[in-house]
Amino acid sequence: MKTLIGHKDIVDQLQVRKVNNKWPQAIVFYGPEGIGKKVLAKNLAAEILCENKNACGICTSCHQVDNETHPDLFVLRPPEGKVLIPIDSVRKMAEWESLLPVVKRGKVVIVSEASGLTEEAQNALLKIIEEPLSQTCFFIVADNKNVLLPTIESRCFALRMKGLNEEQLREVAKQNNWNAPSVVDIHLAMGSALHLSLLINSNFSQFTIHCLDNLYSASIIDVIQLSQGMFEFYSGMTDGEEGGQKITENKFAIWILRLMKLILEDAARLAENQELCYFKADEFKKFSYLMRRTSRDHRLELSKELRAYELDLSLNLSALSVVESALRSFYEMRFVQYE
Ligand SMILES: [Zn+2]
């Protein structure tokens, strides 16, 4: 069973409810993806179903919860390769819910990825939450609370889970035997362990730094090819990914824009002869030479442009064209005349 990292406030809050016998029948755990919501839901399910009543992680029940084979646990999620949870799955769950528990410790439903529930499926789920036939606990996991119908939300106890801090992200990396994350990886992951794993395991930062450094000696045609190359890298990154939870093109583009922003921040430090915060000087050799020569005004202007590009992404402009424009902005720095 995975150990939950962080979220002590949430665990404490639930503990207090348990002690006071105020355990909610249905809980929504919401917050950014990849921060441990499902891990917490499973740990709580194990606590209910564990033979030793403490999610020991050793007993048969705990193992069964871990690999989702416990007869008194139902995990509602989209079928393999699909995004939506069909109403049929909810009906199957309703049938299962109407039976007595097999082990008689309780029953648990985990709704994994609530965003996959159609309105129809949500209404069916609501009926079961309102009138459960067994003493079933419902743990609903959602990246965003707004995907739920207000009628479901009002029936649930909602707990907002925050992103992980740097220390916690490093702990997750250690626990999973990933390479130690760089400061840039930590920064780009924005509190998500899932994103951190993608960043580390794909070597995103090294690849992007290398691309940006190559801009220095590129022609304008290369700039277009370079952005296309970045999206080929993106395809490779999401192809072999486990769990089907893919990073969107937009998120990928945001990573590139934010990495550029970090370069600008470090360039400012370089200009002031301060120590770099995110990169090593030899990581973007050619570029750092150029950066050293940029004026403060120009860096601010670029930084403003990057923010505007990020806004473009939120307006659903094509990620590829946004990245291309951003690369061009960086590229054009070469033609700015400096004092
Ligand atoms: Zn156990």
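The residue numbering used here restarts from 1 in each chain and proceeds along that chain's sequence as written. With pLDDT at 70 or above as the cut-off, local features in this predicted model cover only qualifying residues; side-chain atom pairs require 80 or more to be listed or tallied, and sums for whole chains, interfaces and linings still use all residues.

Describing the overall build of the protein
Okay, so step 1: Numbering of helices and strands runs from the N terminus; a helix is a DSSP stretch of H or I covering at least four residues, while a strand is a stretch of E covering at least two. Of regular secondary structure, the protein possesses 15 helices and 5 strands.
Okay, so step 2: Projected onto the principal axes, the alpha-carbon positions of the protein cover approximately 80 × 35 × 30 Å.

What about the environment of Leu40?
Okay, so step 1: With respect to the helices and strands, the residue Leu40 is situated in helix α2 (residues 37-49).
Okay, so step 2: Linking Leu40 and Val11, residues 29 residues apart in sequence, is a C-alpha distance of 8.5 Å.

Some details on the domain arrangement of the protein
Okay, so step 1: Under the domain assignment used here, the protein contains domain 1 (8-160) and domain 2 (203-335).
Okay, so step 2: Boundaries between domains were set according to an automatic or database domain assignment. Centre-to-centre separation of domain 1 and domain 2, based on C-alpha positions: 40 Å.

Observations regarding the pairing of strand β3 (residues 107-111)
Okay, so step 1: Taken across its 5 residues, β3 has 5 buried, putting it largely inside the fold.
Okay, so step 2: Counting other C-beta atoms within 10 Å of each residue's C-beta, where C-beta atoms are placed from the backbone, gives the exposure class: buried for 20 or more, exposed for 12 or fewer, partly exposed between. Side chains Lys107, Val109 and Val111 of β3 all project onto a buried face; the interleaved residues Val108 and Ile110 project onto the opposite face, where all are buried too.
Okay, so step 3: One bridge is not enough; two strands pair if DSSP finds at least two bridges between them. Sheet analysis places strand β2 (residues 73-76) next to β3, joined by 4 bridges and oriented parallel. Its bridge partner lying in β3, Leu76 is registered against Val111.
Okay, so step 4: By convention a crossover is right-handed if, when the strands point away from the viewer, the path from the first strand over the helix to the second runs clockwise. In this fold, the crossover linking β2 to β3 by way of helix α4 (residues 87-97) has right-handed handedness.
Okay, so step 5: The pairing of β3 with strand β4 (residues 136-142) spans 5 bridges and is parallel. Residue pairing across strands places Ile110 opposite Phe139, the latter belonging to β4.
Okay, so step 6: As for the winding sense of the linkage, the β-α-β connection from β3 through helix α5 (residues 119-130) to β4 is right-handed.

A word on the packing of helix α7 (residues 166-175) against helix α9 (residues 193-202)
Okay, so step 1: Between α7 and α9, the shortest axis-to-axis distance is 10 Å and the interhelical angle comes to 60°. Our classification of the angle between α7 and α9 gives oblique. Relative to α9, α7 is oriented so that their crossing is right-handed. In contact with Leu169, Val172 and Ala173 of α7, α9 contributes Ala193, Leu196 and Ile200.
Okay, so step 2: Looking at side-chain class alone, the contact of α7 with α9 contains 6 nonpolar, no polar and no charged residues. Between N-to-C directions, angles cover 0 to 180 degrees, with each direction set by a line fitted to C-alpha atoms, over the stretch in contact for helices. With respect to orientation, any angle under 35 degrees is reported as roughly parallel, any angle over 145 as roughly antiparallel, any angle of 65 to 115 as roughly perpendicular, and every other angle as oblique. A crossing counts as left-handed when the near helix is turned anticlockwise from the far one by less than a right angle, and as right-handed when that turn is clockwise. Working definition of a contact: two residues with C-beta atoms, positioned from the backbone, lying within 7 Å. Any residue outside Ala, Val, Leu, Ile, Met, Phe, Trp, Tyr, Cys, Pro, Asp, Glu, Lys and Arg is labelled polar, Gly included; the first ten of those are nonpolar and the last four are charged.

Comments concerning the sheet that holds strand β1 (residues 26-30)
Okay, so step 1: Read from one edge to the other, the open sheet built from 5 strands follows the order β2-β3-β4-β1-β5, with strand pairing classed as parallel. Of all the strands in the sheet, just β2 and β5 (157-160) have a single pairing partner and so form its edges. Neighbour-to-neighbour, the strand axes of the sheet open up by a mean angle of 15°, direction not taken into account.
Okay, so step 2: The strands touched by α4 are β2, β3 and β4; relative to β2, the strand with the most contacts, the crossing angle is about 170°.

Points about helix α14 (residues 296-314)
Okay, so step 1: Here, expected helix span is obtained from the residue count minus one, scaled by 1.5 Å. For α14, built from 19 residues, the straight-helix expectation of 27 Å at 1.5 Å per residue is met to within 8% by its first-to-last C-alpha distance of 28 Å.
Okay, so step 2: Every buried residue of α14 is listed here: Leu302, Leu306 and Tyr309. Axial view of α14: buried residues confined to an arc of 60°, hence all on one face. Among the exposed residues of α14, those pointing more than 90 degrees away from its buried face are Arg296, Asp297, Lys304, Arg307, Leu311 and Ser314. What the arc describes is the spread of directions from the helix axis to the C-beta atoms.

Describing unusual backbone geometry
Okay, so step 1: Phi is positive for Lys104, close to 65°, though the residue is something other than glycine.
Okay, so step 2: Relative to the helices and strands, Lys104 resides in the loop between α4 and β3.
Okay, so step 3: Classification of Lys104 as exposed rests on a count of 8 C-beta atoms within 10 Å.
Okay, so step 4: A positive phi angle, near 50°, is found at Met190, a position not held by glycine.
Okay, so step 5: In this structure, Met190 sits in the loop between α8 (183-189) and α9.

Side note on the environment of Ala45
Okay, so step 1: Tracing the chain through its elements places Ala45 in helix α2.
Okay, so step 2: Contact partners of Ala45, with chain neighbours within four places excluded, come to Val65, Leu73, Val108, Ile110 and Phe139.

Observations concerning the pairing of β1
Okay, so step 1: Most of β1 is tucked away: 5 of the 5 residues are buried.
Okay, so step 2: Strand direction decides the pairing type here: β1 and β4, joined by 5 bridges, are parallel. Of the residues in β4, the one forming a bridge with Val28 is Ile140.
Okay, so step 3: Inspection of the sheet shows β1 paired to β5 by 4 bridges, in the parallel sense. Counterpart to Phe29 in the pairing with β5 is Leu159.

A closer look at the environment of Leu320
Okay, so step 1: For Leu320, the location among the structural elements is in helix α15 (residues 319-332).
Okay, so step 2: With residues up to four places along the chain from it excluded, the contact list for Leu320 reads Ser227 and Phe231.

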